[in-house]
Amino acid sequence: MTDQAYECMELADTPGAKRARLVGQGAYYVDGIDHLQITCFNTATGVSLLCSGRALLLDGRIQSFSFPLTPTTNGAASRAFSAMAQGWILDAVVTVTAGTPTNLSTFVQIQVVRGAQGLLEVARLQQGFVTANIAIRFPGELGSSSGSSSSTARVIVGTLPGAGVNISETVPAGHTWTICAVSFTLTADAVAGNREAVLRFLDSLNNILYEIGADSSLTANNAHRYSYGQATYLKTNADGDSTVMPIPFIRLPAGSKMTTNIHSFDAGDQLTAPIYSVQEE
Amino acid sequence: MPARFCLSCGGRYHTTDANGMAYYHTCPDHTIVSVTRGALKLDVELHAVQPGDVIVSQRNAPRANARDENVQADGKTKGQPIAAGAGVLEAPDAATLAAAVAASPAAALAVTQGAPAPAPTPVGPIGVAFS
C-alpha cells in the first residue's frame with residue numbers, strides 16, 4: 001500500500017470525512033448563528049417567491065426548510081430570511097409562486113448573513129433574474145428557459161400631460177431602452193399659430209442626441225397624430241391628419257429622456273395618447 | 001389599475017403597465033416664453049402669456065418642484081423616489097381619480113398652471129438683448 005493510499009484511508013475514517021461524503025462539494029457550512037436570506041429587487045406586480053431547500057445537521061439528519069417573500073414593486077430591496085442550525089446547506093432554490101415577472105423585473109440573491117437580517121453578508125450563494133419558468137438555485141448554474149433573453153419588450157402608456165405641457169419620459173434607473181416606436185396626438189386650441197411637433201432624445205444632462213420635426217405645421221383647432229419608428233420615412237397620410245417619421249436605432253441609458261418640444265406651443269394645446277414601444281434591458 | 005394625478009405637472013398616469021411592469025413618472029420641463037409686454041421684455045411660463053403679449057421665443061426649462069418617481073440607485077434610500085415634488089392624488093382606477101381631481105383645489109392649480117409659478121421675470125427694456 002502506498003503512503004498516499006494509506007493517508008486516504010486514514011482520512012476516510014474520520015467523522016469529518018464521513019460528513020464530507022454526505023455533503024458533497026457544493027454544500028456551504030453554517031455555524032448556527034448564520035441565516036439564509038433572499039433579497040429581491042422587483043418591479044412587477046403580484047409576485048411571490050418561495051425559497052426552499054435542505055440542510056444536513058451535525059447529527060446526520062437532513063432537515064428541509066422553506067420561507068416565502070412577497071417583494072415590493074418599487075425596485076427596492078425586499079428581504080426574507082431563515083435561521084439555520086449548525087451544519088451544511090445542501091441546496092436551495094428560489095421559485096416564483098405567484099405573478100408573472102418578466103425577464104428583467106425580478107432579481108434575486110441567495111445570501112448567508114450573520115447575526116440578523118441584512119446585517120452582515122458573509123456569502124453570496126447565487127443570484128439572478130427569476131420568472132415563472134426560471135428558478136435560481138444553489139449549488140449550480142443559473143436556470144434557463146426556452147425563449148429567455150436579456151431584454152424584454154415593453155409597451156408603455158406614458159403620462160397624459162396637462163394642457164400646454166410637453167410629454168417627457170425618463171429611462172428608469174438600472175435599465176437601458178432601445179426605442180422602437182413612439183406615438184402621440186397634438187390638438188391645437190383656438191389660438192392662431194403654426195405648431196411644429198418635435199421629438200427629442202436627450203442624455204441625462206439634457207444634451208440633445210437626436211431630434212426630428214414634422215414636415216408640416218399644425219394650425220389652430222386641428223389635431224394631428226405623430227408616429228415615429230425605425231425603418232420608416234417621413235410621410236403624411238392623404239387625409240393630412242397623421243404623420244410617420246423615422247428615428248434611428250438609438251439606445252438610451254438610465255436617466256436619458258425622450259421628450260416632445262412643440263414650437264409655438266399654446267397654453268391650451270393638448271398632447272394626448274402618448275404610447276411607446278421599447279426594448280428594455 | 002391604480003391611477004395617479006401629479007400635483008406638480010398635472011399629468012395623469014397608471015403606476016403599472018398592462019403587462020404588470022412598474023411605470024415611473026417624471027415631470028416634463030416647463031415651457032418658458034420670452035415676450036414683449038408694453039415696454040418690458042419678460043420671460044413667463046406658457047400659461048401666463050397674456051393677450052397682447054408678443055412672443056419672441058420659447059424654450060424649455062426644468063420645472064420647479066418636479067416629481068421624479070425613479071428610484072434612487074445608491075442603495076441607501078430604500079426605494080424612495082428621487083423627488084416627491086408636490087405629491088400625487090391616487091385612486092384605484094381612472095374614473096375614481098377623475099372625481100378626486102375634480103374635487104381637489106391643488107389639482108385644479110396643477111391643471112391650470114402646474115406647480116406654483118414664480119412671478120414673471122423682467123429681463124430688460126425693449127432694445128436690450130436677452131436670451
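Residues numbered from 1 in each chain as written. Chains lettered and ligands numbered in written order. Predicted model: local features only at pLDDT ≥ 70, side-chain atom pairs only at ≥ 80, totals over all residues.

Let us look at the overall build of chain B. Counting its secondary structure elements, chain B contains two helices and nine strands. The proportion of buried residues among the 131 residues of chain B is 34%. Partitioning the contacts of chain B with sequence separation of at least 6, the portion at a separation of at least 24 is 55%. (Helix = DSSP H or I, 4+ residues; strand = E, 2+ residues; numbered from the N terminus. Buried ≥ 20, exposed ≤ 12 C-beta atoms within 10 Å, placed from the backbone. Contact = placed C-beta atoms within 7 Å.)

Every contact between the two is made by 33 residues of chain A and, on the other side, 33 residues of chain B. Broken down by secondary-structure element, the contributors of at least two residues to the side of chain A that touches chain B are β10 (152-157), β11 (168-170) and β19 (257-263) of chain A. The leading source of residues in the side of chain A that touches chain B is β10(A), at four residues. In terms of residue class, the side of chain A that touches chain B is made up of 13 nonpolar, 19 polar and one charged. (Nonpolar A, V, L, I, M, F, W, Y, C, P; charged D, E, K, R; others polar.)

Residue and element names in this part refer to chain A. With 86% of its residues at a pLDDT of 70 or more, chain A shows a mean pLDDT of 84. Put simply, helix α1 (residues 3-13) is where chain A has its lowest mean pLDDT, 43, and strand β12 (residues 177-187) is where it has its highest, 95. Counting interchain partners and residues more than four positions distant, the pLDDT-below-50 stretch residues 1-13 has three contacts. (pLDDT = per-residue confidence, 0-100.)

Right, let's talk about the environment of Gly140(A) for a bit. All names here are of chain A. Note on placement: glycine 140 falls in the loop between β9 (136-138) and β10. The exposure class of glycine 140 is exposed, given the 11 C-beta atoms found within 10 Å. Along the sequence, glycine 140 and aspartate 91 sit 49 residues apart, while their C-alpha atoms lie 9.1 Å from each other.

This part takes up the sheet that holds strand β2 (residues 12-14) of chain B. Residues and elements named next belong to chain B. What the three strands build is an open sheet, ordered β2-β1-β8; its pairing is antiparallel. Each having just a single partner strand, β2 and β8 (88-91) make up the two edges of the open sheet. Geometrically, the sheet is characterised by an average inter-axis angle of 25 degrees between neighbouring strands, direction not taken into account. One ladder, built from three bridges, connects strand β1 (residues 3-6) with β2; its direction is antiparallel. Note on β2: the bridge partner recorded for alanine 3 is histidine 14. In the packing of helix α1 (residues 94-102) onto the sheet, contacts are made with β1 and β8, and the angle to β8 comes to roughly 140 degrees. (Pairing = 2+ DSSP bridges. Axes fitted to C-alpha atoms, helices over the stretch in contact; angles between N-to-C directions.)

All names here are of chain B. Structurally, valine 35 can be placed in strand β3 (residues 30-37). Each C-alpha atom of the pair valine 35 and valine 56 lies 5.3 Å from the other, and the pair is 21 residues apart in sequence. With residues near it in sequence (within four places) discarded, valine 35 still touches Leu42, Val44, Val49, Asp53, Val54, Ile55 and Val56.

Moving on: the confidence of the model for chain B. Residue and element names in this part refer to chain B. For chain B, per-residue confidence averages 78 on the pLDDT scale, and 77% of positions sit at 70 or higher. Low pLDDT, under 50, characterises residues 114-118; the predicted model gives this stretch 14 contacts beyond four residues in sequence or across chains. Here residues 126-131 is a poorly scored stretch, pLDDT under 50, and it has seven contacts once near neighbours within four places are set aside; other chains count. Taken together, the chains of this predicted complex give a pTM of 0.65 and an interface ipTM of 0.74.

Residues Ile38(A), Leu49(A), Ile89(A), Val94(A) and Val108(A) are the most contacted members of the largest nonpolar core, which totals 33 residues. Elements with a minimum of two residues in this core: β1 (28-30), β2 (34-42), β3 (48-57), β6 (87-98), β7 (106-114), β8 (120-129) and β9 of chain A. Here the element with the most residues in this core is β6(A); it accounts for six residues. Core analysis: the second largest hydrophobic core is formed by 31 residues, Phe184(A), Ala188(A), Met245(A) and Leu46(B) among them. (Core = buried A, V, L, I, M, F, W, Y, C linked by C-beta atoms within 7 Å.)

All names here are of chain A. The buried fraction of β19 is high, at six of seven residues. Two strands pair when backbone bridges link them, and β11 and β19 are joined in this way by three bridges, in the antiparallel orientation. Bridged to threonine 170 within β19 is lysine 257. Direction of pairing for strand β13 (residues 196-202) relative to β19: antiparallel, over a ladder of seven bridges. Along β19, the bridge assignment pairs valine 198 with asparagine 261.

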